[in-house]
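# Report on the structure
As a plain string of letters, each chain reads:
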Amino acid sequence: MTTPRQRHRRGRLAAVGGLAAAALAITLAVPAQAAGSTLQAAAAETNRYFGTAMAAHYLNNSTTMNVVNREFNMITAENEMKMDAMQPNRGQFNWSSGDRIVNWARQNGKQVRGHALAWHSQQPGWMESMSGPSLRTAMLEHVTGVATYYRGKIHSWDVVNEAFADGNSGARRSSNLQGTGNDWIEAAFRAARAADPGAKLCYNDYNTDNWSHAKTQAVYNMVRDFKSRGVPIDCVGFQAHFNSGNPVPSNYHTTLGNFAALGVDVQITELDIQGSGNSQGEQFRGIVQACLSVARCTGITVWGVKDTDSWRASDTPLLFDGNANKKAAYNYTLDALNAGGTTATPGGQAGPQPTQQPTQQPTQQPTANPTTPPPTGGGTCTATYSEGEKWNDRFNGVVTIRANGNISSWTSTVTVRSPQRIIATWNASPTWPSANVMVMRPAGGGALANGQTASFGFTVQHGGNWTWPTVSCSAS
Ligand code: G3I
């Protein structure tokens, strides 16, 4: 049965070609649910966030801040956490503007995307003139210094920003950082992981939206290489700055899906689209539908609130006009979020790195015959909690699921006590029925034969409460 509102949404969806058609089957499969009346509420229906960039000067404008607070639950500092702002003089960090944004976000229940640890642009003057090994050292010191200072407060870091060239070369962008050696990107990721093991680590770039473009392919090949060699990367950010010269591609869902298939989350990180009226709205809708068609597309961030605050204000590329009124693009975006899609299933990031890397490739092939059908169920399971590493502000926990009899899958519930908050997970897919309850499901096949075990882990920011989480499990 459909409600009038659903029929209305479906009718509008059906009128769209290309992108919309790709997402349509998924959209129609979603059961009826209450419509979210704000962007963040509507995105949360499919376990996604909806964010905005925010400049420090927004804090002086109560009209803008009312919109930020009402509509968004993920905040990116527009300029205040870039290299020049964070370390204006070598060895002297200036946290003041970054802190204003991060503190406002956290005090208002928002999460924060960190932007950006290493970038060829917006470097402080002292760094711009450096090169070679001394620049490499300075870059790594910067990554470590900033990620350590904000440890535990950042949902995802843009560890490296815009490192590939435009055009058809598929080459790295020529820059002082690239001049320190081709491995500078992975060195930055390793430093970021060591400094803040709980944050997701992203590579972020623009003009990587069209699957057939050389730059998109080049970034894809780098991420595939990183995943195959264990370089700690968790996500890829697609900036998504669109205009008439760089329109929304009809294969956007293919791009997002192919990256996600490498085993990373994908996030739309700086969305803005030149235009106005319904035409602009339809393009925003296409982007939302593309994200909602990919389970590992975990959130969307627009690059500012009001058109007049945009880095390219004359393009009127945002969701609110200069008076903070909702534009047509806002309504299209909200409707597309409410129309639903896949439930987002963020991958777990690695958490603290293992202290030792495996020294050699496994010499044995798996002994199980891959054609053996998985156990068909009927058994039960038990969940056991064990303590992991502990830090001043957080601790790791591991849950082991044991099959009693054959099971075809399992679900495990983890409950933490206020003010504890789970800030990272790995080896299973979480959903969040409430702030302190996490339901984990197997990331792949969940079948276990009698006596077999599976385990997953998570990081708890404890806020002074060291009580162990309660865990349980049910089998099917
Ligand atoms: O704050 C100074 C002001 O004191 C001075 O009078 C004025 C004179 O030019 O400049 C002001 O700083 C400007 C700053 O934005 C704050 O408005 C800088 O010149 C200007 O270069 C800077 O632009 C930023 C741009 O990054 C720099 O690369 C934009 O705000 C910011 O939106 C933009 O964001 C980037 C992302 O980080 C990466 N992806 C692309 C995106 C858009 O370019």
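Structure's up top.
The rules behind these values
Residues numbered from 1 in each chain as written. Predicted model: local features only at pLDDT ≥ 70, side-chain atom pairs only at ≥ 80, totals over all residues. Heavy atoms only, no water. Helix = DSSP H or I, 4+ residues; strand = E, 2+ residues; numbered from the N terminus. Buried < 20%, exposed > 50% of the residue type's maximum accessible area, 1.4 Å probe, protein only. Areas by Shrake-Rupley, 256 points an atom, 1.4 Å probe, with all protein chains shown as cover. Disulfide = S-S within 2.5 Å. Salt bridge = Lys/Arg side-chain N within 4 Å of Asp/Glu carboxyl O. Axes fitted to C-alpha atoms, helices over the stretch in contact; angles between N-to-C directions. Parallel < 35°, antiparallel > 145°, perpendicular 65-115°, else oblique. Left-handed = near helix turned anticlockwise from the far one by under 90°. Contact = heavy atoms within 4.5 Å.

## Let's talk about the overall build of the protein
A tally of helices and strands in the protein yields 13 helices and 17 strands. Buried residues in the protein amount to 53% of all 476 residues. Only carbon and sulfur atoms are counted for the fraction: they give 49% of the accessible area of the protein, which is about 19,400 Å².

## Side note on the state of the cysteines
Scanning the model with the defined rule gives three disulfides in all. A sulfur-sulfur distance of 2.1 Å marks the disulfide that ties cysteine 202 to cysteine 235. Residues cysteine 202 and cysteine 235 share a disulfide whose torsion about the S-S bond is about -90 degrees; that sign makes it left-handed. Taken together, the residues cysteine 202 in strand β5 (residues 200–205) and cysteine 235 in strand β6 (residues 235–238) connect sequence positions 33 residues apart.

## Looking at the pattern of salt bridges
Following the criterion strictly, the structure yields 17 salt bridges and no others. Residue arginine 229 pairs with glutamate 186 through a salt bridge whose shortest N-O separation is 2.8 Å. Pair noted here: arginine 229 is in helix α10 (residues 214–229) and glutamate 186 is in helix α9 (residues 184–195), with a separation of 43 residues, a long-range link. Classification of arginine 229 as partly exposed rests on a relative accessible area of 41%. Classification of glutamate 186 as buried rests on a relative accessible area of 15%. Between arginine 229 and aspartate 225 there is a salt bridge, with its nearest N and O atoms 2.9 Å apart. Pair noted here: arginine 229 and aspartate 225 are both in helix α10, with a separation of four residues, about one helical turn.

## Brief notes about the packing of helix α11 (residues 252–260) against helix α12 (residues 277–292)
In helix packing, the relevant descriptors are the interaxial angle and the interaxial distance, both defined with respect to the helix axes. With their axes 9 Å apart at the nearest point, α11 and α12 run at an angle of 30 degrees to one another. Taken together, the axes of α11 and α12 lie roughly parallel to each other. Like other packed secondary-structure pairs, α11 and α12 cross with a definite hand, here right-handed. For the pair α11 and α12, contact is made by Tyr252, His253 and Leu256 and by Ile287, Ala290 and Cys291, respectively.

## Concerning unusual backbone geometry
At the junction of histidine 115 and alanine 116, the peptide bond is cis and its omega measures out at -5 degrees in the coordinates. Within the secondary structure, alanine 116 sits in strand β3 (residues 111–119). Of note, the bond from serine 418 into proline 419 is cis; its omega dihedral lies within 30 degrees of zero at 5 degrees. In this fold, proline 419 is placed in the loop between β12 (410–415) and β13 (421–426). Phi at asparagine 207 is positive, roughly 55 degrees, even though this residue is not glycine. Positionally, asparagine 207 belongs in the loop between β5 and α10. With a relative accessible area of 27%, asparagine 207 lands in the partly exposed category. Phi angles above zero are rare outside glycine, and threonine 316 is one such case at about 40 degrees. Among the secondary structure elements, threonine 316 is positioned in the loop between β9 (297–302) and α13 (328–339).

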